[in-house]
Protein chains: 2
Amino acid sequence: MRGVVLHAPGDVRVRDREDPRIVEPTDAVIRVAAACVCGSDLWPYRGANGPVHDRPMGHEYVGVVEQVGDEVRNVKPGEFVVGSFFASDNTCEICRAGYQSRCVNAQLVGASGTQAEYARIPLADGTLVAAPGVPGADLVPSLLTASDVLGTGWFAAVAAEAGPGRTVAVVGDGAVGLLGVLAARRLGAERIAIFSRHADRQKLALEFGATDVIPERGDEGVARLKDLLGGLGAHSAIEAVGTQESMMQAIRSTRAGGHVGYVGMAHDVRIPGDELFYSGVHLHGGPAPVRRFLPELIQMIWGRAIDPGRVFDLELPLEDAAEAYKAMDERRAIKALLRPEG
Amino acid sequence: MRGVVLHAPGDVRVRDREDPRIVEPTDAVIRVAAACVCGSDLWPYRGANGPVHDRPMGHEYVGVVEQVGDEVRNVKPGEFVVGSFFASDNTCEICRAGYQSRCVNAQLVGASGTQAEYARIPLADGTLVAAPGVPGADLVPSLLTASDVLGTGWFAAVAAEAGPGRTVAVVGDGAVGLLGVLAARRLGAERIAIFSRHADRQKLALEFGATDVIPERGDEGVARLKDLLGGLGAHSAIEAVGTQESMMQAIRSTRAGGHVGYVGMAHDVRIPGDELFYSGVHLHGGPAPVRRFLPELIQMIWGRAIDPGRVFDLELPLEDAAEAYKAMDERRAIKALLRPEG
């Protein structure tokens, strides 16, 4: 089959790779209908994670089940499925508490790379959720977002306790931040301010339900937010970047007793204990337990209650993966979808 | 009046100081029935907060109202009151959300020092809570704990979401940690493990409701805890020290999706973002909004449902404050009570 590898930082290639097969009786193999490039894929692409060599890429996916192992009960060949980027058994104590991304048997689906024609999904019963049927092409992008970026934005909004009567600040105007806006709106938040200085992202944020756009960053942005909110910080903040600056901006944007939901993959972040202490905020986040939200998100997408697929502003055949990475790296695209059968 | 000052690090003196008086119409002046030395007083005593000169000490207090300003409505002369170490208006949006220690008008009561015969309490209406009557001498120590150390342990347990069916790890065997044990037990926690290697503190922890004592520290302590709990971390951890080691021990003691309640005053703590990210814990704490819990805590103490005053294992006249500090600094005492009329 054909699949994307990061040959070296900045050098994305599409290669012939071995077809995935059932290894464990709990595995499934799916034919990938669509995959995409994640903001977190840009870290190794930019060399931030050190040397790489021909690393298979991609951890977001939707597709049709081709084959299942002997112990798989919940999905069957022919079904269209969405899965989380973390495989989980969905039965352990941690999973049952809703933290499937920290399942005691968790495996990174991305280890074998879903930017490919086929993918092996471990722990299929606990990881994959079947859609009500085979979706029309127009629903595929939205279902694909549920695999990570929507589930992650949703988790951030839930962790930030976005809800009725609450104000929400969103740090990060990438796909996760934008879908954090959508989630906060669906969860009933009253006012949603996003920090952004990119016209295309501002526009989408407003369409997803943002009420305010703040172009200022850092402490200047925080001051502007507090002006908007009558002097206090927001009840909730969504952190969707993963840098020291974004984390501190999220904490400082939040009032005492408020909640910061952080999902940006932390890079070189050191949270100063004294500032956190006096901030009085709740801090919660990490790799999103997307599996917790999948049934609900698939249902909303299927019923066309939400249209998260709009974060894809670039769609390319799998063979053009290099351009997809480049466009996202240069911020020409918010998020790029890859079609193996493109 | 007589009052304690920190003349310089390590040098506690009792001096003649000016009698406090009503400055603002929202003030009260109380005759201090009992004050005490806080673990946080040891930081400046040990020189950890830089140079000091004749700094008035103490922020924990119970006493009888002597005089109130013209605008004070909720307490009156002759009443026996307990107050928080942060004065708060108890009417602003932050207070109403239960975060009185971050009140928009918050003032540190400790600025004028309650280890003294009298103390001025700002924002008396929002800060002081009257006991049902004038307590017998045996209830005074317990009521005094409500002013900070019990309220702080209680907040830590609430922030850690200690409750029925949950396991709790307690990092720190000082008075706050010990009262965190008591709080977790009262809140219904199933199993409470405290890290401690001091026989006197272990004993009190067990009496307060701890089910397990772990003498190991750091990662060795965490491993021992997980052994006790069948492999996973605790649902809840209480951090009651404020160092890098204690904070990381609390985070590592907690399972994904669990809750860390931290109340140790953070000194030189830097929380690594990547480890926090993958821990999947909830982190909440800071200066305890003691005022939130005061009515409930006073009621429990008055009804002798709890006996938190047992953390005082040294009681001295105010004039002997220097010895009280020394005994706590050398860990000869868990917590020292000072009686102005001793």
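Residues numbered from 1 in each chain as written. Chains lettered and ligands numbered in written order. Predicted model: local features only at pLDDT ≥ 70, side-chain atom pairs only at ≥ 80, totals over all residues. Heavy atoms only, no water.

Caption draft 1: Representation of the overall build of chain A in the model. Scanning chain A from terminus to terminus reveals twelve helices and 19 strands. Computed over C-alpha atoms, the radius of gyration of chain A comes to 19 Å, within 12% of the 20 Å expected from 2.2 N^0.38 for 342 residues, which places it in the range of a compact globule. Oriented by its inertia axes, the alpha-carbon framework of chain A measures out at about 60 × 40 × 40 Å. The buried share of chain A, taken over its 342 residues, is 60%. Within chain A, contacts between residues at least 6 apart in sequence are counted, and of these 69% link residues at least 24 apart. Of the roughly 12400 Å² that chain A leaves accessible, carbon and sulfur atoms contribute 48%. If you average the places of the 35 positive and of the 44 negative side-chain charges in chain A, the two averages end up 3 Å apart. (Helix = DSSP H or I, 4+ residues; strand = E, 2+ residues; numbered from the N terminus. Rg over C-alpha atoms; globule rule 2.2 N^0.38 Å. Buried < 20%, exposed > 50% of the residue type's maximum accessible area, 1.4 Å probe, protein only. Contact = heavy atoms within 4.5 Å. Areas by Shrake-Rupley, 256 points an atom, 1.4 Å probe, with all protein chains shown as cover. Lys, Arg positive; Asp, Glu negative; His and termini not counted. Charge placed at Lys NZ, Arg CZ, Asp CG, Glu CD.)

Caption draft 2: Expanded view of helix H8 (residues 218-228) of chain B. All names here are of chain B. Looking only at H8, the buried set comprises Gly221, Val222 and Leu225. The arc enclosing the buried residues of H8, seen along the axis, measures out at 100°, which places them on a common side. Of the exposed residues in H8, those oriented more than 90 degrees away from the buried face are Asp219, Glu220 and Asp227. On its buried side, H8 packs onto strand S11 (167-171), strand S12 (191-195), strand S13 (212-214), strand S14 (234-239) and helix H9 (244-252). Backbone geometry just after H8 places Gly230 at a positive phi near 75°. (Arc of directions from axis to C-beta.)

Caption draft 3: Representation of the relation of the copies chain B and chain A within the structure. Expressed as a screw operation, the relation of chain B to chain A combines 0.0 Å of axial shift with a rotation of 180°, fitting to an RMSD of 0.0 Å. Such a combination of rotation and displacement between the chain copies is what one expects of a two-fold axis. Mapped onto chain A, 100% of the interface residues of chain B again fall at the interface, so both copies present the same surface. (Least-squares fit on C-alpha atoms with pLDDT ≥ 70 in both.)

Caption draft 4: Geometry of the interface of chain B and chain A. If you look at the interface, chain B gives 32 residues, while chain A gives 32 residues. The contact between chain B and chain A buries some 2900 Å² in all, and 66% of this surface belongs to carbon and sulfur atoms. Summed over the shared surface of chain B and chain A, the number is two salt bridges. Measuring nitrogen to oxygen at the nearest pair gives 2.8 Å for the salt bridge that ties Arg255 of chain A to Glu93 of chain B. Inspection of the chain B/chain A interface yields 14 residue pairs in polar contact (both at pLDDT 80 or more). Elements represented by at least two residues in the side of chain B that touches chain A include exactly helix H2 (93-96), strand S15 (254-262), strand S16 (270-272), helix H10 (273-279) and strand S17 (282-285) of chain B. For the side of chain B that touches chain A, a count of residues per class yields 18 nonpolar, nine polar and five charged. (Buried area = accessible area lost by both parts, 1.4 Å probe. Salt bridge = Lys/Arg side-chain N within 4 Å of Asp/Glu carboxyl O. Polar contact = N/O pair within 3.5 Å; in protein donor to acceptor, adjacent residues only side chain to side chain. Nonpolar A, V, L, I, M, F, W, Y, C, P; charged D, E, K, R; others polar.)

Caption draft 5: Just the UniProt feature "domain: Alcohol dehydrogenase-like N-terminal" (unreviewed entry) in chain A, in detail. Taken from the UniProt record, the annotation "domain: Alcohol dehydrogenase-like N-terminal" (unreviewed entry) applies to residues 25-123 of chain A. Span residues 25-123 of chain A is 8% helix and 31% strand, its end C-alpha atoms 9 Å apart. (UniProt positions renumbered as here; feature names shortened; annotations may be inferred.)

Caption draft 6: The sheet that holds strand S4 (residues 55-56) of chain B, seen in detail. Residues and elements named next belong to chain B. Judged by pairing direction, the sheet is antiparallel, and its three strands sit side by side in the order S2-S1-S4 without closing on themselves. Each edge of the sheet is formed by a strand with only one pairing partner; in this case those strands are strand S2 (11-16) and S4. Here strand S1 (residues 2-8) pairs with S2 via six bridges, running antiparallel. When the bridges of S2 are listed, Val5 appears paired with Arg13. The strands touched by helix H12 (residues 321-329) within the sheet are S1 and S2, with S2 carrying the most contacts at an inclination of about 155°. (Pairing = 2+ DSSP bridges. Axes fitted to C-alpha atoms, helices over the stretch in contact; angles between N-to-C directions.)

Caption draft 7: Inspection of the packing of helix H5 (residues 149-159) of chain B against helix H11 (residues 290-302) of chain B at higher detail. All names here are of chain B. In the contact formed by H5 and H11, the axes pass within 10 Å of each other and the chain directions differ by 110°. Viewed along their axes, H5 and H11 adopt a mutual orientation that is roughly perpendicular. Side by side, H5 and H11 meet where Leu150, Gly151, Thr152, Trp154, Phe155 and Val158 of the first sit next to Val290, Arg292, Phe293, Glu296, Leu297, Met300 and Ile301 of the second. Of the residues in the contact of H5 with H11, the class split is nine nonpolar, two polar and two charged. (Parallel < 35°, antiparallel > 145°, perpendicular 65-115°, else oblique.)

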